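# Examining the three-dimensional arrangement
In case you want the letters, here they are:
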Amino acid sequence: MLHQALCRFGRKLVRRRPLEKKVNEFKSGIKLSTLDLVALGVGHTVGVSVFVLATEVASNQAGPSIVISILVAGLTSLLAGLCYAEFGAWLPHSGSAYLYTYVTMGELWAFITGWNLILSLVADAVIVMKAWILTFDNLIGNWFYATLHERISQHVPQVFIDCLGYLAMNLLFWLIEIPSLFYHGFFRVFKLFTLVKFLVVSFVIISGFMKGDLHNWNLTEEDYMQAEVNDTFSLGPLGSGGFMPFGFEGILRGVATCFYAFIGFDSIVTRVEETQTPKRSIPKSIVISLLICFLVYFGVSVAVTLMVPYYQLTTLPEVFLHIGWAPAYYVVAFATFCCIFVSIYQSFLLPIRWVIDMMALDGVLFPVLAKKCACIHTCILFFEFICIVSVMLLFFGFADLLDLRSIVTLTSYSLVAFCVLIVRYQPEWTNEENEAQVQEKNGGNEAQVQEEDGSAAEKLTLQGLFFPGSPTPTPLSGRVVVVCSSLLVLLLTLLCLVLAQWPGLLSGDPAPITVVVLLLVLITGITGVIWRQPQSSTPLPFKVPAVPLLPLLSIFVNVYLMMQMTAATWAQFGVWMLIGFALYFGYGLWHSLGP
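Residues numbered from 1 in each chain as written. Predicted model: local features only at pLDDT ≥ 70, side-chain atom pairs only at ≥ 80, totals over all residues. Heavy atoms only, no water.

With that out of the way, let us pick up the overall build of the chain. Secondary structure assignment for the chain yields 23 helices and zero strands. Within the chain, contacts between residues separated by at least 24 positions form 83% of all contacts whose residues are at least 6 apart in sequence. Here the chain has roughly 25,700 Å² of accessible surface; of this, 68% comes from carbon and sulfur atoms. (Helix = DSSP H or I, 4+ residues; strand = E, 2+ residues; numbered from the N terminus. Contact = heavy atoms within 4.5 Å. Areas by Shrake-Rupley, 256 points an atom, 1.4 Å probe, with all protein chains shown as cover.)

Take a look at the structure:
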């Protein structure tokens, strides 16, 4: 009895969404071409980060070597983008990482992915609001915060005064965004402001080549002392000077933060229903938008670090005050203000509505949050839920939000890469709903019979691991890949822990080197087993090349970047996950509408 109960419980956790099951699609009444999707992906990706992230990372984490951080972060995002592109071709439905993990890995992992997407989108909204408020305050001469500090008692802590200002602007944004729930003509305005952003960014890059000084990539302590005496601007940390003032660790830390700059391309896969030719347009637009975004961020990083010493960087508009171009400061600040204000519509409200709506329709969240319950009570509950989480995030610092957003997205990208690895080696998944219903009705007896039949027809041998007898995927080869992929994820995580936390590795200590060599041998052997298994021959407009190497490389890089996060970020992420697990095991597991 206990064994059967545990088996039923385990099957509930890993039950997959059938491919035949209807997917709730977002419809806006317009049809998008590949160019429209590229504009959508670039508009979401090149957002607030292009105005504040480059200066933030260069001044406090990487210095001029931010250009290397941008390069590594861009390549990492490209690996994830390739995985998203294959799923967009294989499963042409709006769904993003939530649907992909539900179809391939099961309900528990899908809930984890969706729960993290909610956190990432809310954190992204707060980041955008903070950047917008700071830019707006600069345009009006810092009147907003000066008024708050004058009118409120000096006995109130500074953090509460700042949070009060953020909360006031947050409520203003909610009042502004409510009409956008029913407004679909905004997409044309969104494309227009995407063009404006590119004009501003192009101006910044050209200015960097005109006013840049290569000496700013080789600064010394004497330059810092001179700036401290002569400059009225506040100075950041010097580090050791030169091109890599904060060392290799600073570059890695910068990569983990710069990863936020490339977040947003996954919004393309949520618009499949509106795309004219989704199987071709989705993969192509993802890759093109990522390449464009890399060129933009790389150009801006080079420009700002050449124009201004890294320890004097604050925000992108203030770069022009350092070089004496005051009119350019106001032009760039105003363009920043408008672009951030417009991007918050498409970057936050629509995606989070879609994620919560789909999870509610699947039963893993409360059904009252689903769009089908369109009443005043539902709207109130929805906005109360979002506002509560937003208020919580308002008490986090800007860097904390960037790291939290990055670690959540890295987790989702790793799951998608793992899904690609699994799907490529599986036989065709058809009629899963009927099979699952039979298994549930018979209390697992059907699954047991299938296992017995499968074991009689197909037995696992050592020779069969490296020389499979079938040229096409079989249930046995599919299970081998699942087990080996799971072991690889565990070994890659251990390898990342050793590389990130064991400083004796670089000093020649034999103990960590031996551990790394053993892990690499195991990883190579298990990867060889996966490589020898037959792959699916289903024709797709796009497939990730060099499978299983590229998905495994994507997982490794994502996990290694996650290891660069601070303990505080991991603690915040852990608290969010504990809340999610309590919600899932207390409600979602027993009320989900899975097969």
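We now examine the nonpolar core. Grouped together as the largest cluster of nonpolar side chains are 148 residues, with contacts concentrated most on Y84, I118, F262, I286 and L365. For Y84, the contacting residues outside a window of four places in its chain are S96, A97, Y100, F265, D266, V269, I286, Y413 and V416. Counting residues in hydrophobic clusters, the runner-up holds six residues, among them L219, Y224, A227 and L238. (Core = buried A, V, L, I, M, F, W, Y, C linked by side-chain atoms within 4.5 Å. Buried < 20%, exposed > 50% of the residue type's maximum accessible area, 1.4 Å probe, protein only.)

This paragraph deals with unusual backbone geometry. Between V547 and the following residue, P548, the backbone shows a cis peptide bond with an omega angle of 15°. Among the secondary structure elements, P548 is positioned in the loop between α21 (510-532) and α22 (549-562). The backbone phi angle of A546 is positive, close to 55°, even though this residue is not glycine. Position of A546 among the secondary structure elements: in the loop between α21 and α22. A residue is classified by how much of its surface remains accessible, and A546, at 46% relative accessible area, is partly exposed.

Moving on to the packing of helix α4 (residues 66-90) against helix α5 (residues 96-104). Axis separation between α4 and α5 bottoms out at 11 Å; the angle between their running directions is 70°. The angle between α4 and α5 places the two elements in the roughly perpendicular class. Crossing of α4 against α5: the hand is left-handed. Residues Y84, F87, G88 and W90 of α4 form the contact with α5, whose participating residues are S96, A97, Y100, V103 and T104. Classifying every residue of the contact of α4 with α5 by side-chain character gives six nonpolar, three polar and no charged. (Axes fitted to C-alpha atoms, helices over the stretch in contact; angles between N-to-C directions. Parallel < 35°, antiparallel > 145°, perpendicular 65-115°, else oblique. Left-handed = near helix turned anticlockwise from the far one by under 90°. Nonpolar A, V, L, I, M, F, W, Y, C, P; charged D, E, K, R; others polar.)

Averaged over all residues, the pLDDT of the chain is 76; the fraction at 70 or higher stands at 73%. Confidence, expressed as mean pLDDT per element, reaches its minimum in the chain at helix α17 (residues 432-441) with 43 and its maximum at α22 with 92. For the stretch residues 175-184, pLDDT sits under 50, and the model shows 14 contacts to residues farther than four places along the chain or on other chains. (pLDDT = per-residue confidence, 0-100.)

As enumerated under the stated definition, the model contains three salt bridges in all. Ionic pairing is found between E107 and R15, a salt bridge with its closest N-O pair at 3.0 Å. Taken together, the residues E107 in helix α6 (residues 107-139) and R15 in the loop between α1 (2-14) and α2 (34-45) connect sequence positions 92 residues apart. Considered together, E107 and R15 belong to a single accessibility category, that of buried residues. Between E86 and R424 there is a salt bridge whose closest N-O contact spans 2.7 Å. Of the two residues, E86 sits in helix α4 while R424 sits in helix α16 (residues 398-424), which places them 338 residues apart along the sequence. Since its relative accessible area comes to 6%, E86 is described here as buried. Overall, R424 belongs to the buried group, its relative accessible area being 6%. (Salt bridge = Lys/Arg side-chain N within 4 Å of Asp/Glu carboxyl O.)

Next up on the list: the packing of aromatic side chains. Per the counting criterion, the structure on display carries 22 aromatic pairs. Summarising the aromatic geometry, the rings of W115 and W576 are spaced 4.4 Å apart at their centres and angled 15° between planes, so their arrangement reads as stacked. Of this pair, W115 sits in helix α6 while W576 sits in helix α23 (residues 567-591), placing them 461 residues apart in sequence. Grouping residues by exposure puts W115 and W576 together as buried. For the pair F581 and F585, a centre-to-centre distance of 6.2 Å together with 45° between the ring planes defines the contact as tilted. Of this pair, F581 and F585 both sit in helix α23, four residues apart, which is roughly one turn of the helix. The exposure class assigned to F581 is partly exposed, which follows from its relative accessible area of 29%. For F585, a relative accessible area of 32% corresponds to the partly exposed category. (Phe/Tyr/Trp six-rings, centres within 6.5 Å; stacked < 30°, edge-to-face > 60°.)

Positionally, T101 belongs in helix α5. A relative accessible area of 0% places T101 in the buried class. Contacts of T101, omitting those with residues within four sequence positions, involve G106, W109, A110, T113, L415 and C419.

Before going further, it helps to spend a moment on the environment of L488. Turning to its location among the elements, L488 is positioned in helix α20 (residues 475-501). Here the alpha-carbon distance between L488 and G525, two residues 37 residues apart in the chain, equals 9.9 Å.

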